[in-house]
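# Examination of the molecular architecture
Read off the chains here:
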Amino acid sequence: MHRLLAAALTCVAAAALAAGAAAGIVAALDATPEQPNVPLVSFPDAPPSPGR
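As a starting point, this report considers the structure included with it. Predicted, not measured: the structure shown is a model, and the values here were computed from it. (Residues numbered from 1 in each chain as written. Predicted model: local features only at pLDDT ≥ 70, side-chain atom pairs only at ≥ 80, totals over all residues. Heavy atoms only, no water.)

## Some thoughts on the overall build of the protein
Stated formally: Helix and strand definitions follow DSSP, with helices as H or I runs of at least four residues and strands as E runs of at least two, each counted in order from the N terminus. The globule rule is 2.2 Å times the number of residues to the power 0.38, and the radius of gyration it is compared with is taken over C-alpha atoms. When a residue's accessible area, from a 1.4 Å probe over protein chains only, is under 20% of the maximum for its type it is buried; when over 50% it is exposed; and in between it is partly exposed. Using a 1.4 Å probe, accessible areas were evaluated by the Shrake-Rupley method; residue-level cover was limited to the displayed protein chains.
What the protein contains, in helices and strands, is one helix and zero strands. Over its C-alpha atoms the protein spans a radius of gyration of 27 Å, topping by over 25% the 10 Å that the globule rule assigns to 52 residues. Principal-axis analysis of the C-alpha atoms places the extent of the protein at approximately 90 × 25 × 15 Å. In the protein, which comprises 52 residues, the share counted as buried stands at 0%. Taken as a whole, the protein presents about 5,200 Å² of accessible surface, with 70% of it coming from carbon and sulfur.

The following block contains the structure:
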């Protein structure tokens, strides 16, 4: 009976630890500021083709 109780408590503790870690990761990702959407490379506009 003691082994069954120990196994059950271990499963409960592991599930609580996993849920806490997931909540912490989500909180950390929500706390980071939004990054600006600026392209790293920009190309100049090409001149119009002579055939048009």
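## Comments concerning the environment of Val41
Note that Val41 resides in the segment after α1 (2-31). Measuring from C-alpha to C-alpha, the distance between Val41 and Leu9 comes to 55 Å, with 32 residues separating the pair along the chain.

## Describing a nonpolar patch on the surface
So the rule is basically this: Excluding any residue in a salt bridge, patches collect residues exceeding 30% relative accessible area, merging like charges within 9 Å and nonpolar Val, Leu, Ile, Met, Phe, Trp and Tyr side chains within 5 Å. Each salt bridge in this description consists of a side-chain nitrogen of Lys or Arg and a carboxyl oxygen of Asp or Glu lying within 4 Å of one another.
Together, Leu40, Val41 and Phe43 give the surface a local cluster of nonpolar side chains, amounting to about 440 Å² of exposed area. Overall, Phe43 belongs to the exposed group, its relative accessible area being 70%.

The values are spatial; any link to function lies outside them.
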